[in-house]
Amino acid sequence: MSSRAHEFLLLHALPMTSTPPDRICATCGRPFSWRKKWARDWGNVRYCSKACRGGPGARGEALERVILGLLGKRSTGSTICPSEAARAVEPEEWRDLMEDARRAARRLVHAGKVEITQKGRVVDPGTFRGPIRIRRVR
Ligand SMILES: [Zn+2]
């Protein structure tokens, strides 16, 4: 059999191994894929990693509230920077909260409450890189 034919068989003739679809981490808001170590307990897996285990915590929840609060004061369609939320929660050490603020924004996207944008366009919360803005869902 030619390697071409073999490749075709691999792609089309063999049954697809079915792994469950990706899931959104309840802490960082990023998608994560099924892994064999979770085979027995996939139904209960909520976090992508050890670091995310335990959930967003009080700070994460505060950031979500602050993001929604800041957006509530702006006109529809206007955006905030995650740093504004970080500063509101931790005026001095706000830089330490930037990643937490982005995580909070991702969770709010998955909750259907906000959109994350870059240069005015909505981006995928799981894959964006670089500076973002946050706005209410219209
Ligand atoms: Zn995570």
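Use the structure listed above.
Residues numbered from 1 in each chain as written. Predicted model: local features only at pLDDT ≥ 70, side-chain atom pairs only at ≥ 80, totals over all residues.

**Considering the pairing of strand S4 (residues 114-118)**
Across four bridges, S4 lies against strand S6 (residues 133-136) in antiparallel orientation. Looking at the pairing, Ile-116 lines up with Ile-134 of S6. Here two bridges tie S4 to strand S5 (residues 121-122), and the two strands are oriented antiparallel to one another. Looking across to S5, one finds that Gln-118 is bridged to Arg-121. The loop that links S4 with its antiparallel partner S5 comprises two residues; one of these, Lys-119, has a positive phi angle of about 50°. (Pairing = 2+ DSSP bridges. Helix = DSSP H or I, 4+ residues; strand = E, 2+ residues; numbered from the N terminus.)

**Describing helix H2 (residues 57-73)**
In a regular helix each residue adds 1.5 Å, so 17 residues correspond to 24 Å; H2 covers 25 Å between its end C-alpha atoms and thus fits that length. Those residues of H2 that sit buried are Gly-60, Leu-63, Glu-64, Ile-67 and Leu-71. End-on, the buried residues of H2 take up no more than an arc of 100°, which puts them together on one face. Residues of H2 that are exposed and angled more than 90 degrees away from the buried face: Ala-58, Gly-69, Gly-72 and Lys-73. (Expected span 1.5 Å × (residues − 1). Buried ≥ 20, exposed ≤ 12 C-beta atoms within 10 Å, placed from the backbone. Arc of directions from axis to C-beta.)

**What about the packing of H2 against helix H3 (residues 82-89)?**
Running from amino to carboxyl end, H2 crosses H3 at an angle of 120°, the nearest separation of the two axes being 9 Å. One way to sum up the angle between H2 and H3 is to call them oblique. Considering how the two elements wind past one another, H2 and H3 form a crossing that is right-handed. Along the contact surface, H2 presents Arg-59, Ala-62, Leu-63, Val-66, Ile-67 and Leu-70, while H3 presents Glu-84, Ala-85, Ala-88 and Val-89. Tallied by class, the residues present in the contact of H2 with H3 amount to eight nonpolar, no polar and two charged. (Axes fitted to C-alpha atoms, helices over the stretch in contact; angles between N-to-C directions. Parallel < 35°, antiparallel > 145°, perpendicular 65-115°, else oblique. Left-handed = near helix turned anticlockwise from the far one by under 90°. Contact = placed C-beta atoms within 7 Å. Nonpolar A, V, L, I, M, F, W, Y, C, P; charged D, E, K, R; others polar.)

**Digging into the packing of H3 against helix H4 (residues 98-110)**
The interhelical angle for the contact between H3 and H4, taken along N-to-C directions, is 115°, at an axis separation of 9 Å. Taken as a pair, H3 and H4 cross one another with a handedness that is right-handed. Each of Pro-82, Ser-83, Ala-85 and Ala-86 in H3 lies in contact with H4, whose residues at this interface are Met-98, Ala-101, Arg-102 and Ala-105. Its residues placed into classes, the contact of H3 with H4 shows six nonpolar, one polar and one charged.

**Regarding the nonpolar core**
Ile-67, Ala-101, Ala-105, Val-114 and Ile-134 are the most contacted members of the largest nonpolar core, which totals 15 residues. Breaking this core down by element, the ones donating at least two residues are H2, H3, H4 and S4. Excluding anything up to four places from it in sequence, Val-114 contacts Ile-67, Leu-71, Ala-105, Leu-108, Val-109, Ile-134, Arg-135, Arg-136 and Val-137. (Core = buried A, V, L, I, M, F, W, Y, C linked by C-beta atoms within 7 Å.)

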